[in-house]
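Chain and residue survey
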Amino acid sequence: MHRLDNYINDIEPRIKAIYDNAPKQEEPSLQVSLASYGWILLDAWVAWRTLRFLLKETYIDDSVHDKWFQTPSSYTANQLMSVWFFSDSTTNYIKLHTGKGFKELIDSTIQKKRNSSAHFTKGSTVTGADSQEIKNYFKTLSKVFLFYETGTFLQNICHKLSIQGYNSFKLIYSETESHAIGDFFDTIDSYSSCNSFSLICHDSEEREYIILFEEIGCKAGYRQRGEKAYHLKDVVNGQHSYKFFDNKGFYQQIDIFIECVEKCWDKQSVQ
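My aim in this report is to walk through the structure given alongside it, one point at a time. (Residues numbered from 1 in each chain as written. Predicted model: local features only at pLDDT ≥ 70, side-chain atom pairs only at ≥ 80, totals over all residues. Heavy atoms only, no water.)

The geometry of an aromatic ring pair is captured by the separation of the ring centres together with the interplanar angle, meaning the angle of the planes. Under the definition given, this model contains 35 aromatic pairs. A ring pair is formed by Phe 147 and Phe 185, whose centres lie 6.0 Å apart and whose planes are at 90°; its orientation type is edge-to-face. Here Phe 185 lies in the loop between β2 (177–180) and α8 (188–192) and Phe 147 lies in helix α7 (residues 130–163), a separation of 38 residues in the sequence. With relative accessibility at 17%, the residue Phe 185 sits in the buried group. Their ring planes at 75° and their centres at 5.1 Å tell us that Tyr 242 and Tyr 251 sit as a pair that is edge-to-face. For the pair formed by Tyr 242 and Tyr 251, the shared burial category is buried. Above the face of the Phe 53 ring, Lys 56 is positioned so that its terminal group lies 4.1 Å from the ring centre. Sitting over the face of the ring of Tyr 222, Arg 207 holds its NZ or CZ atom 3.6 Å from the ring centroid. (Phe/Tyr/Trp six-rings, centres within 6.5 Å; stacked < 30°, edge-to-face > 60°. Helix = DSSP H or I, 4+ residues; strand = E, 2+ residues; numbered from the N terminus. Buried < 20%, exposed > 50% of the residue type's maximum accessible area, 1.4 Å probe, protein only. Lys NZ or Arg CZ within 6 Å of the ring centre and 35° of its normal.)

A separate point is the packing of helix α4 (residues 77–84) against helix α6 (residues 102–119). Running from N to C, α4 and α6 cross one another at 130°; their axes reach a closest spacing of 9 Å. Overall, the two elements α4 and α6 adopt an arrangement that is oblique. Note on element contacts: α6 touches α4 through Phe 102, Lys 103, Ile 106 and Asp 107, opposite Ala 77, Asn 78, Leu 80 and Met 81. Of the residues contributing to the contact of α4 with α6, the split by class is five nonpolar, one polar and two charged. (Axes fitted to C-alpha atoms, helices over the stretch in contact; angles between N-to-C directions. Parallel < 35°, antiparallel > 145°, perpendicular 65-115°, else oblique. Contact = heavy atoms within 4.5 Å. Nonpolar A, V, L, I, M, F, W, Y, C, P; charged D, E, K, R; others polar.)

In terms of nonpolar packing, the biggest core is built from 78 residues, with Trp 45 and Phe 257 touching the most fellow members. Ranked by residue count, the leading element in this core is α7, at 14 residues. Each residue touching Phe 257, except ones within four places of it in the same chain, is listed here: Phe 153, Ile 157, Ile 211, Cys 218, Val 235, Tyr 242 and Phe 244. (Core = buried A, V, L, I, M, F, W, Y, C linked by side-chain atoms within 4.5 Å.)

Let us look at the packing of α6 against α7. Packed helix pairs are specified by the crossing angle of their axes together with the interaxial distance, meaning the distance between the axes. In contact at an axis separation of 12 Å, α6 and α7 are set at 130° when each is read in the N-to-C sense. Accordingly, the angle class assigned to the pair α6 and α7 is oblique. Considering only the axes of α6 and α7, their crossing is left-handed. For the pair α6 and α7, contact is made by Leu 105, Thr 109, Ile 110 and Lys 113 and by Asp 130, Glu 133, Tyr 137 and Leu 141, respectively. Here the residues of the contact of α6 with α7 sort into four nonpolar, one polar and three charged. (Left-handed = near helix turned anticlockwise from the far one by under 90°.)

Moving on: the pattern of salt bridges. Side chains that carry opposite charge are capable of pairing whenever their charged atoms lie near each other. One pass over the full model with this rule turns up 14 salt bridges. Put simply, Arg 52 and Glu 149 hold a salt bridge, and the shortest N to O gap is 3.4 Å. Placement of the pair is Arg 52 in helix α2 (residues 28–54) and Glu 149 in helix α7, with a sequence separation of 97 residues. Of the charged contacts in the structure, one is a salt bridge between Lys 219 and Asp 234, with a shortest N-O distance of 2.9 Å. Remark: Asp 234 occurs in strand β6 (residues 231–234) and Lys 219 occurs in strand β5 (residues 217–223); sequence separation between them is 15 residues. Classification of Lys 219 as partly exposed rests on a relative accessible area of 24%. A single network of salt bridges, built from pairs that share partners, joins Asp 5, Glu 12, Arg 49, Arg 52, Glu 149 and Lys 248. (Salt bridge = Lys/Arg side-chain N within 4 Å of Asp/Glu carboxyl O.)

To continue, consider the environment of Glu 262. Mapped onto the elements of the fold, Glu 262 is located in helix α9 (residues 254–264). Accessibility expressed as a relative area gives 2% for Glu 262, which makes it buried. Taking C-alpha positions, Glu 262 is 10.0 Å from Ile 211, a pair spaced 51 residues apart along the chain. Within the structure, the side chain of Glu 262 is placed 2.6 Å from the side chain of Tyr 166, a separation counted as a polar contact. (Polar contact = N/O pair within 3.5 Å; in protein donor to acceptor, adjacent residues only side chain to side chain.)

Let us now look at the sheet that holds strand β3 (residues 196–202). Strand order across the open sheet formed by six strands is β2-β1-β3-β4-β5-β6, with antiparallel pairing between neighbours. What marks the edges here is a single partner per strand, and that holds for β2 and β6. Direction aside, the axes of adjacent strands within the sheet are offset by 25° on average. Bridge count for strand β4 (residues 208–214) against β5 is seven bridges, and the pairing is antiparallel. Directly across from Tyr 209, in β5, lies its bridge partner Tyr 222. Contacting β4, β5 and β6, α9 crosses the sheet at an angle of about 45° to β5. (Pairing = 2+ DSSP bridges.)

Spelled out as structure tokens, the structure:
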């Protein structure tokens, strides 16, 4: 578990509570106050989510955490792009679902609304109707961040598995749609509409292996040449299930994940 998970897990239900329970007939000042708080939370959530991704493989001890991770720093659109490396298909997806280009969304909307809310300035007008905007931006960015966290994790495990002799990695969304793993970050449209996908690879004996990512968890298995069905088992670390459709698609301790997968493949990790 990453040290920043609790920050993110605490913020997300608060954002959801604001747009799910925003009053319709209450005093305008209450609506505006809730929306203002929502902008502040949304900006903090973007910051913590980005910082966690930036430090995804870094161990943070208590002393470092206490000294450096008390208050999140806001990110500009350019800074976010330098951390996440969004592809053109991703920025197009964001524009399609928010109606704004990425720079306009971050710098001219979220940042301005957050600053007006936090400092009570007139840089940008906040209204009660903003709660629905917050909902849209939060849901869109949630999907995008998870997509990049998951894709980065997949590329890392493919690299480690290739060192162990596995090959021909392929991403499967359906019987009619498959992609090379290197093309993952161009598949956000397919990813955003799916509730499961698979990673396929082979070994030197042409045995085929699968890791199945589902909303309820993760399974792995294999099939011999000529077999139609996979021998699938749940991928678990003790009592812990891997849920890549939750808010965290990148798990620390990748080697442990691979060991758990290889047990489902009836192989012990050589690492």
